[in-house]
Amino acid sequence: MRVCVVGTGYVGLTTGVCLAFLGHDVVCLDLDQAKIDLLNSGRSPIYEPHLDEIMAESADRLSFTTDYADAVPGAEVVFIAVQTPSLADGNPDLQFLRSAAESVGRHIGGDFTVVVNKSTVPIGSSNWVDSILRESFEAAQARRANGEFSVASNPEFLREGAAIHDTLYPDRIVVGSDNPRSLEVLNRLYRAILNQTFTPPTVLPRPGEMGAVPMVSTDLASAELIKYAANAFLAIKISYINEIGLLAGKVGADILQVARGTGLDARIGSRFLQPGVGWGGSCFGKDTAALITTAAEYNHDMPIVKAAREVNQLQRRMVIDRLLDELRIIKGRKIGLLGLAFKPNTDDLRDAPSIDIAQMLVARGARIKLHDPVAGDRFRREHPDLEAFYCASIDEVFDDSDAVVLVTEWSQYLELDWGKFVGLMRTPVVLDGRHCLDPARLTRLGYKYLSMSR
Ligand SMILES: NC(=O)c1ccc[n+]([C@@H]2O[C@H](COP(=O)([O-])OP(=O)(O)OC[C@H]3O[C@@H](n4cnc5c(N)ncnc54)[C@H](O)[C@@H]3O)[C@@H](O)[C@H]2O)c1
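Note that the coordinates shown come from a computational prediction; the quantities given were computed from them, not determined experimentally.

Chemist: Could you give an account of the overall build of the protein, with specific residues and numbers?
Modeler: Helix and strand content of the protein: 18 helices and 14 strands. Its C-alpha atoms give the protein a radius of gyration of 24 Å, within 12% of the compact-globule value 22 Å for 454 residues. For the C-alpha atoms alone, the extent of the protein along its principal axes is close to 75 × 50 × 45 Å. Expressed as a percentage of the 454 residues in the protein, the buried residues total 54%. Expressed as a percentage of contacts within the protein between residues at least 6 apart in sequence, the contacts between residues at least 24 apart total 74%. Approximately 19500 Å² of the protein is accessible, and the part contributed by carbon and sulfur atoms is 52%. For the protein, the centre of its 47 positive side-chain charges and the centre of its 58 negative side-chain charges are spaced 5 Å apart.

Below, the structure is given as structure tokens:
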């Protein structure tokens, strides 16, 4: 099938590359010329495991452009996957979506096109996109003979760092549509994923337990709400275990055992019950804020979602409190941060806990040393005013430091030969912000081990 994907960010690029891998002809479009130039040279503008290999393998069916006239006419499916960042009032900023919809509408020209919204948008946005498409389509109508279209919603659930895996092996595909023809087109588009009939990439074998993928077909509003409900639920789970973690610290319980013993209950599930500095990234913060503001428009309060957000902010402040408890004075101390990306295996820094933690430490007069396996340069570019030392090597993070905080659980950090660094530190304090180091081992090596709850 001929497919156009508008927006080549974390979602759009993954979608385009995976659909090309499955055998569709895909044109990926972005207004950012630098991104498109990079993609045309065979390189990915984002760090995402396996993306480069699958992109190279699918190169014959994949092209990149900044020109809507190249990409939209003739496409059976046009995905819109542009950013929808938070405005100050918590509402998502829909200017990128509006502009993309206007441009798509001006260029639709096939027999029947399904315009699929993959961006996370407030409930009702698909109708709004439909009206924008229709206006710009009609304004440009004189230039074309045909062009029937319909809007569908297909929310995205991928996890950055495992984006290709989640796209090829999803738990479910949600499609919101009130047009049976759109549903038939999307069923055809996703058939190889739904039935798992494609040959898996060598770098990403099909999980052993993988069966057919359910397609959840709904009306437009339900599909839009499913996305927010799912993200808010995951955010609540993380904040819930963090709240329990703080209590565990006070009563002398081990939060990891508590999380394991709780999560093994099949009704609860163990995923997203990992205590630590809390969530970050482009989705949970923005989507919980949007859910609350949408609810407010209907005079509906969402106290559980609000509380999850408060607990998440508290976790970031708790890093400073833990260091204060141990060091007593932060002013003038050298503090190293291991990990800047909001999670391992991505270079995404949007709403990363590291940003707040670094800023709070600097505000208290600490001298901070930052390290990340892939996101260091991006952090420096995006935070030029932050007074920080960027470490090229892990030795530098420990060298003469009063404390080191593990902020992102990159495997490189978990597998460190920790014994090598203890002698470099002024005071060998380690704050394990993700509860992923072995406290007994670190203590044996001579570290003072601190965690978010212990
Ligand atoms: N990142 C995730 O893990 C994730 C997961 C699920 C859903 N989402 C949702 O998917 C959407 C996209 O997120 P993302 O992280 O991929 O964003 P992103 O910022 O990485 O990418 C968006 C891209 O769209 C391009 N763009 C903006 N306006 C455009 C226009 N008018 N025409 C063409 N290109 C345009 C930008 O240049 C950018 O490259 C958001 O709504 C987000 O909430 C993201």
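Chemist: Let's hear about the packing of helix α12 (residues 284-297) against helix α13 (residues 303-327): which residues, and what values?
Modeler: The N-to-C vectors of α12 and α13 enclose an angle of 145 degrees; their axes lie 10 Å apart at closest approach. In terms of crossing hand, the pair formed by α12 and α13 is left-handed. Of the residues in α13, those in contact with G285, T288, A289, L291 and I292 of α12 are V305, K306 and R309. Looking at side-chain class alone, the contact of α12 with α13 contains four nonpolar, two polar and two charged residues.

Chemist: Hey, could you go over the nonpolar core for me, with residue numbers and the actual values?
Modeler: One finds L361 and F398 to be the most contacted residues of the largest nonpolar core, which totals 52 residues. Listed by contribution, the elements that provide at least two residues to this core are α13, β9 (334-338), α14 (353-363), β10 (367-371), α16 (394-398), β12 (403-406), β13 (429-432) and β14 (448-451). In this structure, V5, L19, L189 and I193 belong to the second largest nonpolar core, which totals 41 residues.

Chemist: Account for the sheet that holds β10, naming residues and giving values.
Modeler: With parallel pairing, six strands are arranged side by side in an open sheet as β11-β10-β9-β12-β13-β14. The open sheet has two free edges, formed respectively by β11 (388-390) and β14, since each of these has just one partner strand. Averaged over neighbouring strand pairs, the angle between their axes works out to 20 degrees when direction is ignored. Against the sheet, α13 touches β9, β12, β13 and β14, its axis set at about 155 degrees to β13. Most of the contacts of α14 go to β9, to which it runs at about 175 degrees, and overall it touches β9 and β10.

Chemist: Can you lay out the pairing of strand β4 (residues 77-80) for me, pointing to particular residues and giving the numbers?
Modeler: Of the two faces of β4, the one carrying V77 and F79 and the one carrying V78 and I80 are both buried. Here strand β1 (residues 2-6) runs beside β4; their pairing, made up of four bridges, is parallel. When the bridges of β4 are listed, V6 appears paired with I80. Across four bridges, the pairing between β4 and strand β5 (residues 112-117) is parallel. By the bridge assignment, F79 is partnered in β5 with V116. The handedness of the β4 to β5 crossover, carried by helix α5 (residues 95-107), is right-handed.

Chemist: Report on the site of the ligand, specifying residues and quantitative values.
Modeler: Around the ligand, the surrounding shell holds 28 residues, and the nearest of these are D30, K35, T84, E160 and K286. Within the side chain of E160, an N or O atom sits 2.7 Å from a nitrogen atom of the ligand. Side-chain polar atom of R350 to an oxygen atom of the ligand: 2.7 Å apart, as the coordinates give it. For the ligand, the accessible surface in isolation is 840 Å², of which the surrounding protein chains cover 93%. For the shell around the ligand, the leading source of residues is α5, giving three residues. For the shell around the ligand, the per-class residue count stands at twelve nonpolar, eight polar and eight charged.

Chemist: Give a detailed account of the pattern of salt bridges, specifying residues and quantitative values.
Modeler: Enumeration according to the criterion identifies 22 salt bridges in this entry. For the salt bridge of E160 with R350, the shortest nitrogen-to-oxygen distance reads 3.6 Å. On the criterion of sequence distance, the pair formed by E160 in the loop between β6 (148-153) and α7 (163-168) and R350 in the loop between β9 and α14 is long-range, its members being 190 residues apart. Of the residues examined, R350 reaches a relative accessible area of 37% and is grouped as partly exposed. A salt bridge links R350 to D348; its shortest N-O distance comes to 2.9 Å. A network of salt bridges, in which partner residues are shared, links E76, E184 and R188.

Chemist: Give a detailed account of the pairing of strand β2 (residues 25-29), specifying residues and quantitative values.
Modeler: Burial analysis of β2 places four of its five residues in the buried class, the great majority of the element. Bridge count between β1 and β2: five bridges; the pairing is parallel. Considered in β2, the bridge of V6 is made with L29. Note that the unit made of β1, helix α1 (residues 10-21) and β2 has a crossover that is right-handed. Two strands pair when backbone bridges link them, and β2 and strand β3 (residues 62-65) are joined in this way by four bridges, in the parallel orientation. Across the sheet, residue V27 finds its bridge partner in β3, namely S63.

Parameters at a glance
Residues numbered from 1 in each chain as written. Predicted model: local features only at pLDDT ≥ 70, side-chain atom pairs only at ≥ 80, totals over all residues. Heavy atoms only, no water. Helix = DSSP H or I, 4+ residues; strand = E, 2+ residues; numbered from the N terminus. Rg over C-alpha atoms; globule rule 2.2 N^0.38 Å. Buried < 20%, exposed > 50% of the residue type's maximum accessible area, 1.4 Å probe, protein only. Contact = heavy atoms within 4.5 Å. Areas by Shrake-Rupley, 256 points an atom, 1.4 Å probe, with all protein chains shown as cover. Lys, Arg positive; Asp, Glu negative; His and termini not counted. Charge placed at Lys NZ, Arg CZ, Asp CG, Glu CD. Axes fitted to C-alpha atoms, helices over the stretch in contact; angles between N-to-C directions. Left-handed = near helix turned anticlockwise from the far one by under 90°. Nonpolar A, V, L, I, M, F, W, Y, C, P; charged D, E, K, R; others polar. Core = buried A, V, L, I, M, F, W, Y, C linked by side-chain atoms within 4.5 Å. Pairing = 2+ DSSP bridges. Right-handed = clockwise from strand over helix to strand, strands pointing away. Near = heavy atom within 4 Å. Polar contact = N/O pair within 3.5 Å; in protein donor to acceptor, adjacent residues only side chain to side chain. Salt bridge = Lys/Arg side-chain N within 4 Å of Asp/Glu carboxyl O.

No statement about biological role is implied by the geometric values presented.
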